[in-house]
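Chains, contacts and geometry: an overview
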Amino acid sequence: MLVLGAVSLITDISSEMVTAVLPLYLVTNLGFSPLGFGTLDGVYNGVSALVQLTGGHLADRIRNHKLLAGLGYGLSAVCKPLLLLASSIGAFGTVLALERIGKGLRTAPRDAMISLSTPPENQGRAFGVHRAMDTTGAMLGPLAAFLILRAAADGYDAVFGVSGCVAVFGVLVLVLFVPRRQQAAQTDEASAPGGGQPVRVREALALLGLPRLRALAGCAALLGLTTVSDAFVYLLLQRRAGIGEQWFTLLPLGTAVVFLLLAVPVGALADRAGRRTVFLAGHVGLLTAYALLLWAPATPVLPFLVLALHGTFYAATDGVLPAALAGIVPEQLRASGLAIVGTSQALARFCCSLAFGAAWTVWGDGPALAGSAVGLLCCAAVAGLVLRPAGGTR
């Protein structure tokens, strides 16, 4: 788990270097409209959703989670330098789609390795540790981008180039240091009845027959439909608080710091107090951040409050959601189950990015965010009823 955390840390430095500069680069330098950026952001977050199912199923089928994760990390690393050659929405969309395919391939197998190597009662803590290391990379990435932009003449090109080099290093760490023993649980399954047979597509799809998994996937999708993407949150915060462009790349750093500090304790709290409660509380925190962006005065404390709530939201949801699957999905189908829930959430966020970008273009940023806030409040209330303890989501 710790080595996988190190791989995620390094990879997130690379990814967040690009993510931190991309909104401002596309909107300010290339003149993309909010709708154009929303389309690209939807591609960035949504393409991986379509591939997660493939990555999760293939990892279960060939019983080699490390191989699929390595292919995903490798593809993402190759795509980073290609951003240097992209100058149109079509070119950017293609490169970002390929990069997200890599993310989709690696996410479910990686989380399955963590889940299969951890006792069910400690799943929240394990994913909290991994997400804390992952978030350390998310914290260092924007900081590295900020320093490169200040030091380099062609700052954006330098960011994309350095990002590619860091991503390659992360792949090397995975290949050389992730131990094979993390897949021992799969090997044991070969002795179980039917365990030596390859996992078939219909077996993976049969997971949708599990009421608890359907409830979890449905609620994740429902809440994802009203979860405004990080890039839009940072753009809104910059406008509301009057933050200078030179400081924009540091906004994700604020979210990452809070996520880092809270990921482990909140994961442990979810193991004890209930993952449903913590998951829903995180969305209440996000709703509060939306309210501040809509109605709070532009005081110096506003960015700190919004970023603190944003980071708390991720600490309470990002690791808690896969941890909740440990007692629902059989071990031999763990990656497939994680992929189903992750896909439902990512596809919903893809739709939200498109809708929010269109609403911003037509009605403005305030009405667009107000609509998302109202939707999130309603969806959280529905999810609270569906994910009640009797529904099996602890």
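As annotated in an unreviewed UniProt entry, the protein carries the name MFS transporter and is attributed to Streptomyces diastatochromogenes. According to the UniProt record, the Subcellular location (unreviewed entry) comment for the protein reads "Cell membrane".

1. Regarding the layout of surface pockets
Taken as a whole, the largest pocket holds about 210 Å³ of empty space. Leu53, Thr54, His57, Val201, Ala204, Leu205, Leu208, Ser336 and Ile340 together form the lining of the largest pocket. Of all the elements in the fold, those that place two or more residues in the lining of the largest pocket are helix 2 (34–62), helix 8 (201–205) and helix 15 (334–363). Across the lining of the largest pocket, the residue classes tally to six nonpolar, three polar and no charged. The two domains that each donate at least three residues to the lining of the largest pocket are domain 1 (1–180) and domain 2 (206–387).

2. Some details on the packing of helix 1 (residues 2–29) against helix 4 (residues 89–116)
Axis separation between helix 1 and helix 4 bottoms out at 13 Å; the angle between their running directions is 150°. Taken together, helix 1 and helix 4 sit at an angle that is classed as roughly antiparallel. Between helix 1 and helix 4 lies a crossing whose hand is left-handed. On the side of helix 1, the interface is formed by Leu4, Ser8, Thr11, Ser15, Leu22, Tyr25 and Leu26, while helix 4 contributes Phe92, Leu96, Glu99, Arg106, Arg110, Met113 and Ile114. When grouped by side-chain class, the residues that make up the contact of helix 1 with helix 4 number eight nonpolar, three polar and three charged.

3. A look at the UniProt feature "transmembrane region" (unreviewed entry) in the protein
Mapped onto this numbering, the UniProt entry annotates "transmembrane region" (unreviewed entry) at residues 159–178, 215–237, 249–270, 277–296, 302–325, 346–363 and 369–387. In this annotation, residues 159–178 is assigned 95% helix and 0% strand; the end-to-end C-alpha distance for the span is 28 Å. From the first C-alpha to the last, residues 369–387 spans 26 Å; its make-up is 95% helix and 0% strand.

4. Quick notes on the pattern of salt bridges
This structure, assessed with the given rule, holds seven salt bridges. For the salt bridge of Arg131 with Asp111, the shortest nitrogen-to-oxygen distance reads 3.2 Å. Linking Arg131 in helix 5 (residues 123–151) with Asp111 in helix 4, this pair joins segments that are 20 residues apart in sequence. Summarising the burial analysis for this pair, Arg131 and Asp111 share the class buried.

5. Some points on the packing of aromatic side chains
Geometry of an aromatic ring pair is reported as the spacing of the ring centres plus the angle between the planes. Summed over all chains, the structure comprises six aromatic pairs. Taken together, the aromatic side chains of Phe232, Phe356 and Trp360 make up a single cluster linked through ring pairs.

6. Focus on the nonpolar core
Counting residues in hydrophobic clusters, the biggest one holds 107 residues, and the most contacted among them are Leu26, Phe92, Leu237, Leu325, Phe356 and Leu369. In terms of residue count, the dominant contributor to this core is helix 1 (12 residues). Each of two domains, domain 1 (1–180) and domain 2 (206–387), supplies a minimum of three residues to this core. Beyond its immediate stretch of four places on either side in the chain, Leu325 contacts Leu213, Leu216, Arg334, Gly337, Leu338 and Val341.

7. Notes on the environment of Leu147
Tracing the backbone through its elements, the reader meets Leu147 in helix 5. Judged by its relative accessible area of 48%, Leu147 falls in the partly exposed class. For the pair Leu147 and Leu286, spaced 139 residues apart in sequence, the C-alpha separation works out to 29 Å.

8. Digging into helix 3 (residues 65–82)
The terminal C-alpha atoms of helix 3, which comprises 18 residues, lie 27 Å apart, in line with the 26 Å expected from a rise of 1.5 Å per residue. Every buried residue of helix 3 is accounted for by His65, Lys66, Leu68, Ala69, Gly70, Gly72, Tyr73, Ser76, Ala77, Cys79 and Lys80.

Procedures and definitions
Residues numbered from 1 in each chain as written. Predicted model: local features only at pLDDT ≥ 70, side-chain atom pairs only at ≥ 80, totals over all residues. Heavy atoms only, no water. UniProt positions renumbered as here; feature names shortened; annotations may be inferred. 1 Å grid on protein atoms, 1.4 Å probe; cavity = no way out; pocket = protein on both sides within 12 Å on 5 of 7 lines; lining within 4 Å. Points joined across faces, edges and corners; volume = space filled by probe spheres on them. Helix = DSSP H or I, 4+ residues; strand = E, 2+ residues; numbered from the N terminus. Nonpolar A, V, L, I, M, F, W, Y, C, P; charged D, E, K, R; others polar. Domains from an automatic or database assignment. Axes fitted to C-alpha atoms, helices over the stretch in contact; angles between N-to-C directions. Parallel < 35°, antiparallel > 145°, perpendicular 65-115°, else oblique. Left-handed = near helix turned anticlockwise from the far one by under 90°. Contact = heavy atoms within 4.5 Å. Salt bridge = Lys/Arg side-chain N within 4 Å of Asp/Glu carboxyl O. Buried < 20%, exposed > 50% of the residue type's maximum accessible area, 1.4 Å probe, protein only. Phe/Tyr/Trp six-rings, centres within 6.5 Å; stacked < 30°, edge-to-face > 60°. Core = buried A, V, L, I, M, F, W, Y, C linked by side-chain atoms within 4.5 Å. Expected span 1.5 Å × (residues − 1).

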